[in-house]
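Here is how the chains run, residue by residue.
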Amino acid sequence: MVMERYVFKFLARKVIIRANHKICETSEEILTNHLFKTFLRKILEELSQKHSPLLDIFRHGTSISDNDIDLLIQVLLHLTKFNVALVPNVLEGSEVFFRDRELLKDFVEYLYDAWRNVDRFIIYASTVYEMETRPYQAFSETIEKLTHLVRQTYRNIQENITGKHPVVYRQVRAGAEIAAITSGKLPVCLPDGYEKLHNIPLIRQILLYPPLILNPPMNKRTGKFVKIDVNPLDFIQLHKEEWVCYPAKVGELLIYIYFHEKFFELGFSLCNLFELADDEDLIRTPDGVYAFGVPGNVLDHLADFPTMFYDDQRHNMLVAAVPNRDEFGYFGYLKKMVLTLHNIIMMKREAWPFHGALVKIVLKNQKEATLLIIGDTGAGKSETLEAFRILGDEYLTEMKIIADDMGSLKIGASGEIIGYGTEIGAFVRLDDLQPGYAFGQLDRTIIMCPSQVNARAVLPVTTYATIMKGHPVNMILYANNYEMIDEDRPILEQLTTSEDALRIFREGTVMSKGTTTSTGLVHSYFANIFGPPQYKELHEKIAHRYFEAFFAKGIWVGQLRTRLGIPGWESKGPEAAAKELFKRFQNI
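None of the values given here were measured: they were computed from a predicted structure.

(A) Summary view of the pairing of strand S13 (residues 317-323). Across the seven residues of S13, seven count as buried, placing the element largely inside the fold. What you see with S13 is no split at all: Met-317, Val-319, Ala-321 and Pro-323 on one side and Leu-318, Ala-320 and Val-322 on the other are buried throughout. With six bridges joining them, strand S11 (residues 288-294) and S13 adopt parallel strand pairing. Counted as the bridge partner of Ala-291 is Ala-321 from S13. Direction of pairing for strand S12 (residues 308-312) relative to S13: antiparallel, over a ladder of five bridges. Within the sheet, the bridge partner assigned to Tyr-310 lies in S13 and is Val-319. Between S12 and S13, which pair antiparallel one after the other, the connecting turn spans four residues, and Asn-316 there sits at a positive phi close to 55°.

Following this line, the structure appears as structure tokens:
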């Protein structure tokens, strides 16, 4: 529905507003615009289906006409200014709504809560702020003002109904939860054949109000990312009014991530995971493009499982696509595909991509080391490092995250092994974190599916400068979450040859924690199904070269038994592993 200032759309539990002008600067504008009337209709239909007694505010209960709705809107508008006793005197026919003032108050409360339970997105075209001297400050002030205005409108109505002033004011988020400025004018350096992407707006700034609680359709990932022999974009039509692009800096790479409005809650969460590209970054051709949320079944015939990518060797670029069906509505499909593209490109550049956590640890006695723990999802990497942080807090000067999930290694001129990250954030399970950790980071966190198994949080954990600096690696461990310890299998075990190390890392054994649809003891090639298996011949050459370099340089290579996958050891296992690591670092 096109309005003077904006276009809006309700999709399931979210509302998307695309604005070309600043919107709603008074309570009257809020209550008399078409968006509010549309939302009010939706809520009345919902209450009617429930046979809710709240509809008794109307004369005929569930039999509600357009005139009844228009009159209710006028009642609410008058209640922003006048006490409940005055409204019937100035608005003919309104007395029906005041037969039971307590019921009217409850209805307004329900309406307000229903609005706040909708995921709310506002996307401003950059033209709105082009004449501002401080455009991004003006953008922030606009969103703040809207939040205040919605909240104040509600409060004025309730106070005029009850005749009482609240003694506790809760500054809840009542405007947009996520807002963005997009540009359709910036040059997009895409090669010939990619013209259909040119008109998709690029995100240039995001404003969000954490903590955000999101409930996407799925809470786990299944299947593999399949390499296909045709460009999936050839089969896709992208309508610019349904898509936006997040140009992401993924390690040293630039990847354009296009996401459909059906998955806006997932797409905008990228801001907590990948650095948003600067204008200067956009003057070069991206290393990859990803269409996340392709409508319909146009991808289904291209592969057995429609999560796919194409190697466009002619243009030296990777292209990926995933459908927008509910089964793919999980952040893992977004994040892991991007990292798959990263890993493949880095292999082509003769770097070794890893699936693991890379941290630099500095003790107060000035000893320092950079540790890489490799392992599949649920192997205990993050849990062990968090336990290490808590355990050694009084001895630590710094524990700097370089890569939380994936990164790459390069061999320096003198044979040193240099580690790099890909993400500025983490996509972590709430289930296995130390108690209180997620709450300590709550002011920056996006939480997904909090009431389900594999509840996750997306939160920033490091800086782009840190992941790109390049850190010499001192210790490389495989996270073993499935074996109990004994005399022959210690918590921390050093491997003596590159052949032994290659065998263990290649097998990629892990006890699945249920974060995907696989369960039990499983194996994945180098604990990294995101690129290496699809380019196995290339990866084998790189892996042999790097593991020989590890031992030639005297890097401590081994495995760490976290026991995270063993019932009863979900917390004790990583804690014991952290203690062994701490002993090792004190002896560096």
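The discussion continues.
(B) Quick look at the nonpolar core. The biggest cluster of nonpolar side chains holds 82 residues, and the ones touching the most others in it are Tyr-246, Phe-268 and Trp-352. Broken down by element, the residue count for this core peaks at 11 residues, all from helix H8 (residues 331-348). Among all residues touching Tyr-246, those that are not within four sequence positions of it are Ile-203, Ile-206, Ile-255, Tyr-256, Ile-257, Phe-259, Leu-270, Cys-271, Phe-274, Glu-275 and Leu-276. Grouped together as the second largest cluster of nonpolar side chains are 61 residues, Phe-8, Val-87, Leu-91 and Tyr-124 included.

(C) Inspection of the sheet that holds strand S21 (residues 456-460) at higher detail. With mixed pairing, the four strands of this open sheet are ordered in space as S6-S20-S21-S19. Both edges of this open sheet fall to strand S6 (212-214) and strand S19 (425-429), since each of them pairs with a single strand only. Across the sheet, the mean angle from the axis of one strand to that of its neighbour is 20°, orientation sign disregarded. Bridge analysis of S6 against strand S20 (residues 446-448) gives three bridges, and the strand direction is parallel. Bridge pairing in S20 links Ile-213 to Ile-447.

(D) Geometry of the pattern of salt bridges. All told, the structure shown has 33 salt bridges when counted by the stated rule. Across the salt bridge formed by Lys-348 and Asp-311, the nearest N and O atoms sit 2.5 Å from each other. Placement of the pair is Lys-348 in helix H8 and Asp-311 in strand S12, with a sequence separation of 37 residues. Lys-348 sits in the partly exposed class, given a relative accessible area of 38%. With a shortest N-O distance of 3.0 Å, Asp-486 and Arg-489 are connected by a salt bridge.

(E) Looking closely at the packing of aromatic side chains. Considering all chains together, one arrives at 29 aromatic pairs under this definition. Between Phe-388 and Phe-585 the ring centres are 5.8 Å apart and the planes differ by 70°, which places this aromatic pair in the edge-to-face class. Of this pair, Phe-388 sits in helix H9 (residues 381-391) while Phe-585 sits in helix H14 (residues 572-586), placing them 197 residues apart in sequence. In this structure Phe-585 comes out as buried when scored by relative accessible area, which is 3%. Relative to Phe-526, the ring of Tyr-525 has its centre 4.9 Å away and its plane inclined at 85°; by these criteria the two rings are edge-to-face. Among the residues examined, Tyr-525 registers a relative accessible area of 10% and is labelled buried. Put simply, the rings of Trp-352, Tyr-478, Phe-505, Tyr-525, Phe-526, Phe-547 and Phe-550 touch in pairs and so form one group of aromatic residues. The positively charged end of Lys-536 is found above the aromatic ring belonging to Tyr-525, 4.9 Å away from the centroid.

What counts as what
Residues numbered from 1 in each chain as written. Predicted model: local features only at pLDDT ≥ 70, side-chain atom pairs only at ≥ 80, totals over all residues. Heavy atoms only, no water. Buried < 20%, exposed > 50% of the residue type's maximum accessible area, 1.4 Å probe, protein only. Helix = DSSP H or I, 4+ residues; strand = E, 2+ residues; numbered from the N terminus. Pairing = 2+ DSSP bridges. Core = buried A, V, L, I, M, F, W, Y, C linked by side-chain atoms within 4.5 Å. Contact = heavy atoms within 4.5 Å. Axes fitted to C-alpha atoms, helices over the stretch in contact; angles between N-to-C directions. Salt bridge = Lys/Arg side-chain N within 4 Å of Asp/Glu carboxyl O. Phe/Tyr/Trp six-rings, centres within 6.5 Å; stacked < 30°, edge-to-face > 60°. Lys NZ or Arg CZ within 6 Å of the ring centre and 35° of its normal.

These values are about where atoms sit, not about what they do.
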